[in-house]
Amino acid sequence: MKKLVLALLTLLGISPLKAAEIPADTVLYATPESVNEFRDAAFGIFIHWGIYSIFGQGEWYLNYGPQREEYAKAASAFYPANFNAAQWVKSFKDAGAKYITITTRHHDGFSMFHTEYSPYNIVDATPFGRDIIKELADECEKQGMRLHFYYSHVDWMRDDYPMGRTGHDNGKKPENADWPQYYRFMNNQLTELLTKYGKVGAIWFDGKWDHDEDTIPFNWQLEQQYNMIHRLQPDCLVANNHHEDVYPGEDIQIFERDLPGENTAGYSEQAISSLPLETCQTMNGMWGYKIVDKNYKSVPVLIKMLVEAAGRGGNLLLNVGPQPDGSIPADALERLSAIGDWLKIYGETVYSTRRGDFPPQAWGTSTRKGNKLYVHVFDTANPVIYLPLTAKIKKARTFPDADAVKFTKMSSGGYCLEIGKCPNVIDYVVELETE
Ligand code: GLC
């Protein structure tokens, strides 16, 4: 009888299974609504902040020298007097970002949130004593910003994390490795993050590569962990910066320091999946605050990166590394505000768009929204550009001024667009209406 009722309900399109009743081995995914929201967002801000910022040498500092006991002393000096979650969120919102991804715990093992599973956390181990993740979560909720949590699979501090190819010689005791215990610890922390901080947009994992040289393949037990996340928050996306093809249960695909399809940094050999894509990129050269790194990318370069990512069907997750006092470096703020000004005018050609109709061209790229194809010309040296386009153009006009642009259908296929002598802009946009 029960079976019959189940079958009837299924026939009627009513799912009788509650989350708890879904068979344990079913691979769960985030809801289509949250996946679409992510695709539409186009632009996010990555924040690498931890006690490592005190040393001003990036987030990998512990890996390069200090003994862990010495390093851990930084916690007792962590007092970011100028941290102001409201200001952070406002700056990122003004920059046009739709979400923030923040390091809740990086490879140095320090938890930037109040966890009951380790005293090595921002509330219990620093004189500051404030849960900055909670403050940020509340402020994001207030200002309508989605919050994602970066979470490291690697821990250079804890003995129970089985050491991989990074983080050696800092006083850790690898003989005390205990994967089941460490896995439980991570899942307990993830449960805290997913039950005490409101709606979480994504859990963004990093560090799986730490065991990619093991002779016996390391079992990270990702599926159970991903399922746990999806059960706790069905809207929460799962991402993993493992540089490999996507795994079951992942909702978005990450590319580190490269646009999807490029591999200049050497981390992106993976095949491009049909999942929403995200390129994470530093604004200077390092993720965490690095005092000597003034090598900031220019505003035009950053804007092009954002548009090029969109043209390839991806979001840009642009990093800032806050200073030890909790403020964002002025160089970063300047650039963010310029990106925001640009997006106020051109946002329509980037947000809620999908990849363009053809691969990136020497002159630029394209993004699509419904029957509109936005042609983004970065290199305007040539007054006529060729579009390898199969869709039929009905109208072509400049964006945002809406001046008519001449186009010619080529007998060999595609179109020529007469952009003429263009003004000197970062991205000259032509809006096409296609059939
Ligand atoms: C790399 C680095 C890490 C950084 C991440 C961001 O995996 O190890 O420090 O957080 O990239 O994409």
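Criteria and cut-off values
- All chains use their own residue numbering, which begins from 1 and follows the written sequence.
- Since the coordinates come from a predicted model, pLDDT governs what is reported: local features require at least 70, and pairs of side-chain atoms require 80 or more to be given and counted, while whole-chain, interface and lining totals use all residues.
- Counting from the N terminus, the helices are the DSSP runs of H or I reaching at least four residues and the strands are the DSSP runs of E reaching at least two.
- Residues are called buried when their C-beta atom has 20 or more other C-beta atoms within 10 Å, exposed when it has 12 or fewer, and partly exposed otherwise; all C-beta atoms are positioned from the backbone.
- Any two residues are considered in contact once their C-beta atoms, placed from the backbone, lie within 7 Å.
- Each axis is a line fitted through C-alpha atoms, taken for helices only over the stretch in contact, and angles between the N-to-C directions span 0 to 180 degrees.
- For this classification, under 35 degrees means roughly parallel, over 145 means roughly antiparallel, 65 to 115 means roughly perpendicular, and everything else is oblique.
- Left-handed describes a crossing in which the near helix is turned anticlockwise from the far one by less than a right angle; the clockwise case is right-handed.
- Classes in brief: Ala, Val, Leu, Ile, Met, Phe, Trp, Tyr, Cys and Pro nonpolar; Asp, Glu, Lys and Arg charged; the others, Gly included, polar.
- A pair of strands is treated as paired once DSSP finds two or more bridges between them.
- The arc in question is formed by the directions pointing from the helix axis toward the C-beta atoms.
- A helix is expected to reach a length of 1.5 Å times the quantity of its residues less one.
- Whether a residue is near a molecule or strand depends on its C-beta atom, generated from backbone atoms, being within 6 Å of that molecule or strand.
- When buried Ala, Val, Leu, Ile, Met, Phe, Trp, Tyr and Cys residues are joined through C-beta atoms within 7 Å, the set is termed a nonpolar core.
- Domain delimitation follows an automatic or database domain assignment.
- pLDDT expresses, on a scale from 0 to 100, how confident the predictor is about each individual residue.

Student: So what exactly am I meant to see when it comes to the overall build of the protein here?
Tutor: Regarding its fold elements, the protein presents nine helices and 16 strands. Relative to its full complement of 435 residues, the protein shows a buried share of 43%. A sequence separation of at least 24 residues applies to 69% of the contacts in the protein between residues at least 6 apart.

Student: Could you clarify how one ought to interpret the packing of helix α8 (residues 299-311) against helix α9 (residues 330-346) in this entry?
Tutor: Where α8 contacts α9, the two axes come as close as 10 Å, and the packing angle between them is 55°. It follows from the interaxial angle that α8 and α9 lie oblique. Judged by the sense of rotation from one axis to the other, the crossing of α8 with α9 is right-handed. Residues V299, L302 and I303 of α8 lie in contact with α9, whose contacting residues are R335, A338, I339 and W342. Tallied by class, the residues present in the contact of α8 with α9 amount to six nonpolar, no polar and one charged.

Student: What is the right way to look at the environment of L336 in this model?
Tutor: Position of L336 among the secondary structure elements: in helix α9. Taking the C-alpha atoms as reference, L336 lies 15 Å from I426; in sequence the two are 90 residues apart.

Student: How should the sheet that holds strand β10 (residues 364-369) be read in this particular structure?
Tutor: Two orientations exist for strands paired in a sheet by backbone hydrogen bonds: parallel and antiparallel. Spatially, five strands are ordered β9-β10-β11-β16-β13 in an open sheet, and the strand pairing comes out antiparallel. Strand pairing shows two members of the sheet lacking a second neighbour, β9 (354-355) and β13 (393-399), which therefore form its edges. With two bridges joining them, β9 and β10 adopt antiparallel strand pairing. Within β10, the position partnered with R354 by the bridge is R368. Strand contacts of α8: β9, β10 and β11 (372-377), with the helix running at about 55° to β10, the strand carrying the most contacts.

Student: In this structure, what is going on with helix α4 (residues 85-94)? I would like to understand it.
Tutor: Because an α-helix packs 3.6 residues into every turn, residues spaced three or four apart end up facing the same way. Buried within α4 we find A85, W88, V89 and F92. In a view along the axis of α4, the buried residues occupy a sector of 90°, so they form one face of it. Residues of α4 that are buried sit in contact with β1 (43-47), β2 (99-105) and α5 (132-143). Directly beyond the C-terminal end of α4, a positive phi value near 95° is found at G96.

Student: So what exactly am I meant to see when it comes to helix α6 (residues 179-195) here?
Tutor: Relative to the 24 Å expected for 17 residues at 1.5 Å per residue, α6 spans 24 Å between its end C-alpha atoms, a close match to the ideal helical length. For α6, the complete set of buried residues consists of M186, Q189, L190, L193 and L194. Along the axis of α6, the buried positions cluster into a sector of 135°, meaning they face one direction only. Exposed side chains of α6 directed beyond 90 degrees from the buried face belong to P180 and T195. Each element contacted by the buried residues of α6 is listed here: β2, β3 (146-152), β4 (202-206) and α7 (222-232).

Student: Explain the sheet that holds strand β14 (residues 406-409) to me, please; I cannot follow it from the model alone.
Tutor: Pairing in this open sheet of three strands is antiparallel, and the strands run β12-β15-β14 from one edge to the other. Each edge of the sheet is formed by a strand with only one pairing partner; in this case those strands are β12 (384-387) and β14. Across the sheet, the mean angle separating the axes of adjacent strands is 25° when strand polarity is ignored. Sheet topology note: the β14/strand β15 (residues 415-418) ladder contains four bridges and is antiparallel. Bridging across to β15, K409 finds its partner in Y415.

Student: Quick question: what am I supposed to make of the site of the ligand here?
Tutor: All residues in the neighbourhood of the ligand are listed as H48, E59, W60, D206, N241, E256, C280 and W287. Its residues assigned to classes, the shell around the ligand comprises three nonpolar, two polar and three charged.

Student: Even after reading the chapter, I still don't get the environment of V320, so can you show me in this structure?
Tutor: Within the element layout of this structure, V320 appears in strand β8 (residues 314-320). It is 41 Å that separates the C-alpha atoms of V320 and P23, two residues lying 297 residues apart in sequence. The contacts of V320, once residues within four sequence positions are left out, are I45, I47, M283, I328 and A332.

Student: Is there a simple way to think about the nonpolar core in this case?
Tutor: Among the nonpolar cores identified, the biggest contains 104 residues, and I45, I100, L136, V200, I203, L306 and V375 are the most heavily contacted of them. Both of domain 1 (16-354) and domain 2 (364-434) provide at least three residues apiece to this core. For I45, the residues in contact, after removing those within four places along its chain, are F92, A95, A97, I100, L318 and V320.

Student: Which parts of the structure should I look at to understand the domain arrangement of the protein?
Tutor: Often, the extent of an interface is quoted as the loss of accessible area upon association of its parts. Segmenting the protein into domains produces domain 1 (16-354) and domain 2 (364-434). The straight-line distance from the C-alpha centre of domain 1 to that of domain 2 is 36 Å. Between domain 1 and domain 2, the residue contacts involve 15 residues of the former and 13 residues of the latter. The biggest single contributor to the side of domain 1 that touches domain 2 is α8, with seven residues. Its residues assigned to classes, the side of domain 1 that touches domain 2 shows eight nonpolar, four polar and three charged.

Student: It is not clear to me how the confidence of the model for the protein should be interpreted in this structure. Could you clarify?
Tutor: Regions with low pLDDT carry predicted coordinates that are not meant to be interpreted in detail. Confidence along the protein averages 95 in pLDDT terms, with 95% of residues attaining 70 or more. When the criterion is pLDDT under 50, residues 1-16 qualifies, and its contacts beyond four places in sequence or with other chains add up to three contacts.

Student: Where do I start with the environment of Y374 in this structure?
Tutor: Of note, Y374 is situated in strand β11. Taking the C-beta count within 10 Å as the criterion, Y374 has 24 such neighbours and is therefore assigned buried. Separated by 24 residues in the primary sequence, Y374 and T398 have C-alpha atoms spaced 9.5 Å apart. When neighbours within four sequence positions are excluded, Y374 is seen to be in contact with T349, T353, S366, T367, F399, V429 and E431.

Student: Just checking my understanding: could you explain the packing of α6 against α7 for this structure?
Tutor: Each pair of packed helices gets described by two things: the angle between the helix axes and the distance between those axes. At a closest axis distance of 10 Å, the pairing of α6 and α7 adopts a crossing angle of 20°. With respect to each other, α6 and α7 are oriented roughly parallel. Between α6 and α7 lies a crossing of right-handed hand. Residues N187, L190, T191, L194 and T195 of α6 form the contact with α7, whose own contacting residues are Q225, M228, I229 and L232. Broken down by class, the residue content of the contact of α6 with α7 amounts to five nonpolar, four polar and no charged.

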